[in-house]
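Chains, contacts and geometry: an overview
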Amino acid sequence: MTINQSTLKDVNKLYETERKGDLGYKLDPSKVPIQDVVEASVVIYEGKLKVVSFTFYDSKYSYLNELLKSKYKLISEENNVVSKLTTFENDGDMIFLKSNGGKYIDLIYVNKEYNILVNKSVNKRKEKERDNDLSHL
């Protein structure tokens, strides 16, 4: 699978998919050729693969972080008491390794332009909610 190139048809040649929301598809984690994947999913937007996401148990964070550091360009690393976020870049795609201090961690590969589009949408929604709350105070 290649971000911004593969189609749903390409993904279905490799994995059985199950619809998950408007743009997402769940993959059978036992078919993913990475050890200890708990959940796997993809997002198809405008006919192309934009996001590949894997969930692991939190014990894999350090191991995955070191592997990613050896392969991709490190952009940022944030560690606090509760959460961790390491961001990498590869040929214009973003890779996020996230831990929220719970039982699981997420490894997310996302097309950079799609990530910007999603962030703008989220920020717009938050701004609208804030404006609504502010008008009612």
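Everything below is about the structure printed above this text.
Predicted model only: the values in this text are computed from it and were never measured.

Two strands in a sheet stick together by hydrogen bonds in their backbones, pointing the same way (parallel) or opposite ways (antiparallel). If you trace the eight strands from one edge of the open sheet to the other, you get E1-E2-E3-E4-E8-E7-E6-E5, paired in antiparallel fashion. Of all the strands in the sheet, the pair left with one neighbour each is strand E1 (17-20) and strand E5 (73-79). Sheet twist, expressed as the mean angle between neighbouring strand axes with direction ignored, is 20°. Summarising the sheet, E1 and strand E2 (residues 24-27) pair through four bridges and their orientation is antiparallel. Along E2, the bridge assignment pairs Thr17 with Leu27.

Here the focus is unusual backbone geometry. In this structure, Asn4 takes a positive phi of about 70° despite not being glycine. By the element assignment, Asn4 lies in the segment before helix H1 (8-14).

Inspection of the secondary structure assignment puts Val11 in helix H1. Once the C-alpha coordinates of Val11 and Asn65 are considered, the two residues, 54 residues apart in sequence, prove to be 26 Å apart. Setting aside its immediate chain neighbours within four residues, Val11 contacts Met1, Thr17, Leu27, Val42, Ile44 and Leu49.

Next up on the list: the side chain of Thr87. Checked against the element boundaries, Thr87 lands in strand E6 (residues 84-90). In contact with Thr87, not counting residues within four places along its chain, are Lys73, Leu74, Ile75, Ser76, Met94, Ile95 and Phe96.

As a further point, take the packing of aromatic side chains. Under the defined criterion, the tally for this structure stands at five aromatic pairs. Summarising the aromatic geometry, the rings of Tyr45 and Tyr114 are spaced 5.2 Å apart at their centres and angled 50° between planes, so their arrangement reads as tilted. A residue pair is termed long-range when its members are at least 10 positions apart, and Tyr45 in strand E3 (residues 39-45) and Tyr114 in helix H3 (residues 112-135) qualify at 69 residues. The class of Tyr114 is buried, set by a relative accessible area of 12%. Ring geometry for Tyr72 against Tyr109: centres 6.4 Å apart, planes inclined by 75°, an arrangement best described as edge-to-face. Taken together, the positions of Tyr72 in the loop between helix H2 (61-71) and E5 and Tyr109 in strand E8 (residues 104-111) put the pair 37 residues apart, joining distant regions of the chain.

The side chains of a regular strand alternate between the sheet's two faces. By the bridge criterion, six bridges tie E5 to E6 in an arrangement that is antiparallel. Pairing of Glu78 across the sheet is with Leu85, part of E6. Between E5 and the antiparallel strand that follows it, E6, lie four residues.

Inspection of the sheet shows strand E4 (residues 48-57) paired to E8 by seven bridges, in the antiparallel sense. Opposite Phe56, over in E8, you have Ile105 as the bridge partner. In this sheet, E8 lies alongside strand E7 (residues 93-99) in antiparallel orientation, the contact comprising seven bridges. Considered in E8, the bridge of Ile95 is made with Tyr109. From the end of E7 to the start of E8, which pair antiparallel, there are four residues, and Gly101 there has a positive phi angle of about 80°.

What counts as what
- Residues numbered from 1 in each chain as written.
- Predicted model: local features only at pLDDT ≥ 70, side-chain atom pairs only at ≥ 80, totals over all residues.
- Heavy atoms only, no water.
- Pairing = 2+ DSSP bridges.
- Helix = DSSP H or I, 4+ residues; strand = E, 2+ residues; numbered from the N terminus.
- Axes fitted to C-alpha atoms, helices over the stretch in contact; angles between N-to-C directions.
- Contact = heavy atoms within 4.5 Å.
- Phe/Tyr/Trp six-rings, centres within 6.5 Å; stacked < 30°, edge-to-face > 60°.
- Buried < 20%, exposed > 50% of the residue type's maximum accessible area, 1.4 Å probe, protein only.

Nothing here speaks to function; it is all geometry.
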